[in-house]
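A look at the structure
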Amino acid sequence: MVFSSIFFIFCFLPIFMLIYYLVPGKGKDIVLIIGSLLFYAWGEPKYVILLIFSAVFNYFMGLELNDCPEESRRLNMVFTVVVNLFILGFFKYYAFLLDSIGSVFRITLSHPELSLPIGISFYTFKNLSYILDVYNDKIDPEPNFLTFCVYSMMFPHMAAGPIVRYADIEHQLVRHPVSIPKFGVGAEYFIKGLAKKVILADNLAVIYAAISSRGSNAVLTAWIGIFAYTMQIYFDFSGYSDMAIGLGKMLGFDFLKNFDYPYLSENVAEFWRRWHISLGSWFRDYIYIPLGGNRVSVPKHIRNILVVWALTGLWHGASWNFVLWGVYYGLLLLLEKFVLGNVLDSLPVFVRRIYTMFCVMIGWVFFSQTSFPGIAKYLGTMFGPAASGFADTATFYYFRTGIVLFVICIIACRPNLQNQFRKLMKRNMAVAIAIDVILLALATAFMVYNSYSPFLYQQF
Amino acid sequence: MAKRSNKPFFNKLGTFFFAVILIVFLINLILPDRSFSDKENRVLSSFPAVNLAQMASGRQEPKYETYVNDQFFLRDFWITLKAGADRLMGKVENNGVWLCKDGYLMENFTAPTPDRLEANIAAIDAFSDRHPELSKSMIIVPNAVNIMSSRLPAGALTVDQNSYLDEVKNSVKEHGVSFIDLRETLSNHSLERIYYKTDHHWTTLGAYYGYLASADQLGLDTSILTYDQLPVSDSFQGTLSAKSGFRSGEKEEMYVFLPRNDTAPEYVVNYVDDRTRVASFYQTDRLETRDKYAMFLNGNHAQVKINTPTADDRTLLIFKDSYANCFVPFLGPHYRNIILIDPRYYYGNIEELIAAEGVSEILYLYNANTFFLDTSLELTLAASGEESAITDAAESTPADGAAAADTTATEPSTSDTAAEGTSTETTEGSTGTEGTETTEGSTESYDSSSDDAGYDESYDYDYDSSYDESYDESYDYDLDYDYDYSYEEDYSGY
């Protein structure tokens, strides 16, 4: 199930919430687990077994790590991590690995076509963070199986993040009271996230898809296209995170924010502190720092950065373009760290923002075009050599039909709009409510019309 | 001053949101299901049976989602709202339909894949080579997006039909097919109402010009009849407004051309598939439905035979789509027998038909949008043993019917953007599930056309009133319009 569907919002959610609110005490956890399993199994029941296995396995290994003798702890940890990664690797990277090996040795390795289990990257990383935190004595293992299942399987952040850490919601797992105002906060997040997704992102997607599927483009058309994609992926993913956070609030949980206006960043390093925060911090805490982080020699530091970013790229999808995308960011970060740092600091803010957005938009070319020829062609169009000209009627057409949406997006990716709305909540409640009603109605209209549009991030 | 809190806001919003999702859910539960959407002109999905095996495979769930979407309360309102939001945001294209000047909506042209084009041409050429004895003609009617391209929104990006038309023209000519090119004629009349503003069809006026322009090549003496133009409806809402949501409240006029009474021959129109004979090309009760274009030859049928007592002993076989429906009445007086075959619904053996009926002439009559994406003409023309296998596959057992329709329907959906929605309906129509299961293919809730609905409906129609063995001589145009003005007068203003 996806959040931005009529079925989820007007069938699953009311029934689930009604039961969840009516059932008292610990019964809520059981309702939540059953609801989450239904949510997950809907449309692809077979992989629910993986989800359950992952929860059961990590629950017991967490306890085992705590109880086992000191000398076998490390082995247990390694074993648990390997099993988790093996499952992830088998379903997500198996075909990619065989195809890559095959192309190196110029042979064809046949393999079954496995569909990617929804959210496997997210729940695997979530469970890994739990295991590693237990191993590092940052947290005590969860003794209650039901409670662990709530952490591991609850539907708001199961399918597409954020990658919530056990440490962050440890106390909430024990006690997560619900209330009407808190439900209202959740609704506020949810409606805004839904609007971002179906009103902005889905319409932007049409523009980029139309432009990138054209045989040849003018320079400006390609820039319009990648601008639309840049906005699309932000509103799609941050909208999804907002919906997840909102649903969490409705259930009584507070998740940390996953996006912090990343397109206002003044350098690439800052961008990655503001974009998909739960993933960036995961790689930082569980890979970069264990590798030594920046407290090592310069060559090792460079190695650490490149390893972390290659893996970050690969996490986004089993395809070389994602690795390239990750390495591109690794190199940019190195460049900023060792070369550009002081130069950037001396520039005015708007120049730094333009620099950052330029780097980010180039990055999205690697991300959106899955083949190397596709990347080369799109970049070639953006910078001239492969372009059919500087601008043409298509440029005009996409500009004219997209401009309203683009302006809305530029306004909406800055905090100002939200700050105004916060003031409005207090000063003129009726207007604020009316705005939310309109957004929900519009989003409903778009969902009824589109019937079904899967999330970009659903398959990661 | 006390700091104001946002708690009242969240209190209200929380209550509101919870109430809304619950009430909407209950409304949807209580409201009776609609079986058909007039606005979208398609059958809406009904509640899917609970089937645990299907659920376990994950195949059943999308059907529930489609069902909930289709039956969502005020569905038409939401779609109108969405289209309004689109226009505010400056969108000029929706679902492959352009919002054009002068009130026109035009369907985008989807270019065929090279393979598709090659396959269609090859099938026609092979058929031509097999039948040197038949005189063969082809009319591929260019669409509004081609003829009226000056009305497209500024900068609209469309694929040019002309290169594809030329390719077909050049290829079939070499195999003895006379290609009747209407592009120049229609372009000359592009300021007139030769296409509907809200529908993907050409108007009867457009068809009339087409008829005049093809007379020479078809060998027709157009002077034998004089036509009067007669309005039959002023509330036609075509498929394009439904498909795009643009101008969804707009209604337009619909005309037919009738021969002056003294010149009119008598016709018998025989709808072979539902064993109905009528004495008219026009099914006026269709004007009471949304799909008013179906008044022409009662929509699309697999096979229709038209007999006219003419002196000329010519038998014409037409492979056609719905563009032919308003064109064929003009051909009526010139042929003793006309057989219309719509390959999308026809599963018979074409060679046997040609032999049995003594066919002397062949006409392909399509619109470009449908023709270039069509997959069924190729199969019909192949006509060896192949088509029986196709029939078998389509006529699977009723128990598997839903699943068969489901699986087959998903395949062509990629090439299914044309107004005629080609092969999806073909499969469904032949599984014997129409009426109940016809919605299986429409996972995209809003992607249908007039023709499939017309086809479905044709089975439900009660012909008792119109079917009369001893039909009288007069036409049954029981319309309250005056007959008195001629075509020239009416169109002077255009």
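Residues take numbers from 1 onward in each chain, read along the sequence in its written order. Each chain is given a letter, starting from A, and each ligand a number, starting from 1, according to the order in which they appear as written. Per-residue local features are limited, in this predicted model, to residues with pLDDT of at least 70; the limit for side-chain atom pairs, both in listing and counting, is 80 or more; totals at the level of whole chains, interfaces and linings are taken over all residues.

**Remarks on the overall build of chain A**
Think of it this way: any DSSP run of H or I at least four residues long counts as a helix, any run of E at least two long counts as a strand, and we number them from the N terminus. When helices and strands are counted, chain A shows 18 helices and zero strands. Over its C-alpha atoms chain A spans a radius of gyration of 23 Å, differing by no more than 12% from the 23 Å that the globule rule assigns to 460 residues. Structurally, chain A occupies a C-alpha span of about 65 × 60 × 50 Å along its principal axes. In chain A, which comprises 460 residues, the proportion classed as buried is 45%. Note that contacts rest on C-beta atoms placed from the backbone: two residues are in contact if these are within 7 Å. By sequence separation, contacts in chain A at least 24 residues apart represent 74% of the contacts at least 6 residues apart. Each radius of gyration reported is based on C-alpha atoms, and the globular scaling rule is 2.2 Å times the count of residues to the power 0.38. Here the C-beta atoms are placed from the backbone, and a residue counts as buried if at least 20 other C-beta atoms lie within 10 Å of its own, exposed if 12 or fewer do, and partly exposed otherwise.

**Some thoughts on the overall build of chain B**
Secondary structure summary: chain B contains 19 helices and 15 strands in total. Across the 494 residues of chain B, 46% fall into the buried class. Put simply, of all contacts in chain B between residues at least 6 apart along the chain, 74% involve residues at least 24 apart.

**What about the domain arrangement of chain A?**
Residue and element names in this part refer to chain A. By convention here, the domain bounds are inherited from an automatic or database domain assignment. Taken domain by domain, chain A comprises domain 1 (6-175) and domain 2 (182-450). Between domain 1 and domain 2, the contact holds 23 residues from the first and 21 residues from the second. When residues of the side of domain 1 that touches domain 2 are traced back to their parent elements, those giving at least two are helix H1 (6-22), helix H4 (70-105), helix H5 (120-135) and helix H7 (166-174). For the side of domain 1 that touches domain 2, the element with the most residues is H5, which contributes five residues. Basically, the charged four are Asp, Glu, Lys and Arg, the nonpolar ten are Ala, Val, Leu, Ile, Met, Phe, Trp, Tyr, Cys and Pro, and anything else, Gly included, counts as polar. Its residues placed into classes, the side of domain 1 that touches domain 2 shows 16 nonpolar, five polar and two charged.

**Notes on the interface of chain B and chain A**
Taken together, the contacts link 46 residues of chain B with 45 residues of chain A. For the side of chain B that touches chain A, the per-class residue count stands at 25 nonpolar, twelve polar and nine charged.

**Details of helix H4 (residues 75-88) of chain B**
All names here are of chain B. The span expected for a helix works out to 1.5 Å for each residue beyond the first. In a regular helix each residue adds 1.5 Å, so 14 residues correspond to 20 Å; H4 covers 20 Å between its end C-alpha atoms and thus fits that length. When we look at burial in H4, the residues that qualify are Arg75, Trp78, Ile79, Lys82, Ala83 and Asp86. Looking down the long axis of H4, one finds its buried residues gathered within 135 degrees of arc, a one-sided arrangement. At the C-terminal side of H4, Gly90 shows a positive phi close to 85 degrees. Think of it as the arc spanned by the lines of direction from the helix axis to the C-beta atoms.

**Some remarks on unusual backbone geometry**
All names here are of chain B. For Leu74, which is not glycine, the phi torsion reads 55 degrees and is therefore positive. Relative to the helices and strands, Leu74 is located in the loop between helix H3 (61-70) and H4. Classification of Leu74 by C-beta neighbours within 10 Å gives partly exposed; the count is 15. With a phi angle near 60 degrees, Asp102 is a residue other than glycine that sits in the positive phi range.

**Concerning the sheet that holds strand E5 (residues 105-107) of chain B**
Residue and element names in this part refer to chain B. Spatially, three strands are ordered E3-E4-E5 in an open sheet, and the strand pairing comes out antiparallel. Among the strands making up the open sheet, the edge pair consists of strand E3 (93-94) and E5. Two strands pair under a simple rule: DSSP has to find at least two bridges between them. Pairing geometry for strand E4 (residues 97-99) and E5, over three bridges, is antiparallel. In the strand pairing of E5, Trp98 is matched with Met106.

**Describing the confidence of the model for chain B**
All names here are of chain B. Every residue gets a pLDDT, meaning the predictor's confidence in that residue, from 0 to 100. The predicted model of chain B averages 76 in pLDDT, with 75% of residues at 70 or higher. Least confident of the elements in chain B is helix H19 (residues 487-491), whose mean pLDDT is 33; most confident is helix H8 (residues 183-188), at 95. Throughout residues 385-494 the model reports pLDDT below 50, and contacts reaching past four residues in sequence, or to other chains, amount to 178 contacts. Predicted as a complex, the structure gets a pTM of 0.77 and an ipTM equal to 0.88.

**Digging into the sheet that holds strand E12 (residues 303-307) of chain B**
Residues and elements named next belong to chain B. Overall, mixed pairing links the eight strands, which are arranged E7-E6-E15-E13-E14-E12-E10-E11 in an open sheet. What marks the edges here is a single partner per strand, and that holds for strand E7 (177-180) and strand E11 (276-278). Between one strand and the next, the sheet's axes are offset by a mean angle of 20 degrees, whatever the strand orientation. Where strand E10 (residues 268-271) meets E12, four bridges bridge the pair, whose relative direction is antiparallel. Across the sheet, the residue bridging to Val269 is Ile306, located in E12. Only the stretch in contact is used when fitting a helix axis, every axis being a line fitted to C-alpha atoms; angles between N-to-C directions are given from 0 to 180 degrees.

**Here's the deal with the nonpolar core**
One broad trend across soluble globular proteins is that nonpolar side chains are buried collectively. Among the nonpolar cores identified, the biggest contains 232 residues, and Trp98, Met106 and Ile318 of chain B are the most heavily contacted of them. In terms of residue count, the dominant contributor to this core is helix H9 (residues 219-251) of chain A (20 residues). Looking at which domains feed residues into this core, each of domain 1 (6-175) and domain 2 (182-450) of chain A gives three or more. To form a nonpolar core, buried Ala, Val, Leu, Ile, Met, Phe, Trp, Tyr and Cys residues must be joined through C-beta atoms within 7 Å.

**Describing the environment of Leu98 of chain A**
Considering the arrangement of structural elements, one finds Leu98 of chain A in helix H4. Spatially, the C-alpha atoms of Leu98 of chain A and Gly246 of chain A are 40 Å apart, while their sequence positions differ by 148 residues.

**Some thoughts on the packing of helix H5 (residues 114-130) of chain B against helix H7 (residues 162-174) of chain B**
All names here are of chain B. Taken N-terminus to C-terminus, the directions of H5 and H7 make an angle of 25 degrees; their axes are 10 Å apart at the nearest point. Our classification of the angle between H5 and H7 gives roughly parallel. Regarding H5 and H7, the two cross each other, and that crossing is right-handed. For the pair H5 and H7, the contacting residues are Leu117, Ile121, Ile124, Asp125 and Ser128 in the first and Tyr164, Glu167, Val168, Ser171 and Val172 in the second. Of the residues belonging to the contact of H5 with H7, the class tally is six nonpolar, two polar and two charged. What sets the label is the angle itself: under 35 degrees gives roughly parallel, over 145 gives roughly antiparallel, 65 to 115 gives roughly perpendicular, and the rest give oblique. Working rule for handedness: look at the near helix, and if it is turned counterclockwise from the far one by less than a right angle, call the crossing left-handed; if clockwise, right-handed.

**Structural notes on the pairing of strand E15 (residues 361-367) of chain B**
Residues and elements named next belong to chain B. Most of E15 is tucked away: six of the seven residues are buried. By the bridge criterion, seven bridges tie strand E6 (residues 135-141) to E15 in an arrangement that is parallel. Residue pairing across strands places Ser137 opposite Leu363, the latter belonging to E15. Judged from the five bridges that link them, strand E13 (residues 315-320) and E15 form a sheet pairing that is parallel. Paired with Phe319 across the bridge in E15 is Tyr364.

**Considering the environment of Ala432 of chain A**
One can find Ala432 of chain A in helix H18 (residues 429-450). For the pair Ala432 of chain A and Gly341 of chain A, spaced 91 residues apart in the sequence, the C-alpha separation amounts to 43 Å. Those residues in contact with Ala432 of chain A that lie beyond four places of it in its chain are Phe421, Leu424 and Met425 of chain A together with Phe9 of chain B.

**A short note on the packing of helix H2 (residues 27-41) of chain A against helix H6 (residues 145-153) of chain A**
All names here are of chain A. Taken N-terminus to C-terminus, the directions of H2 and H6 make an angle of 40 degrees; their axes are 9 Å apart at the nearest point. By the angle between their axes, H2 is oblique relative to H6. Classified by chirality, the crossing of H6 by H2 is left-handed. Taking contact as the criterion, the partners of Asp29, Ile30, Leu32, Ile33, Ser36 and Leu37 in H2 are, on H6, Leu146, Thr147, Cys149, Val150 and Met153.

**Here we look at the environment of Ser235 of chain B**
Residue and element names in this part refer to chain B. Structurally, Ser235 is set in strand E8 (residues 227-236). For Ser235, a count of 11 C-beta atoms within 10 Å translates into the label exposed. The sequence separation of Ser235 and Pro112 amounts to 123 residues, and the corresponding C-alpha distance is 34 Å.

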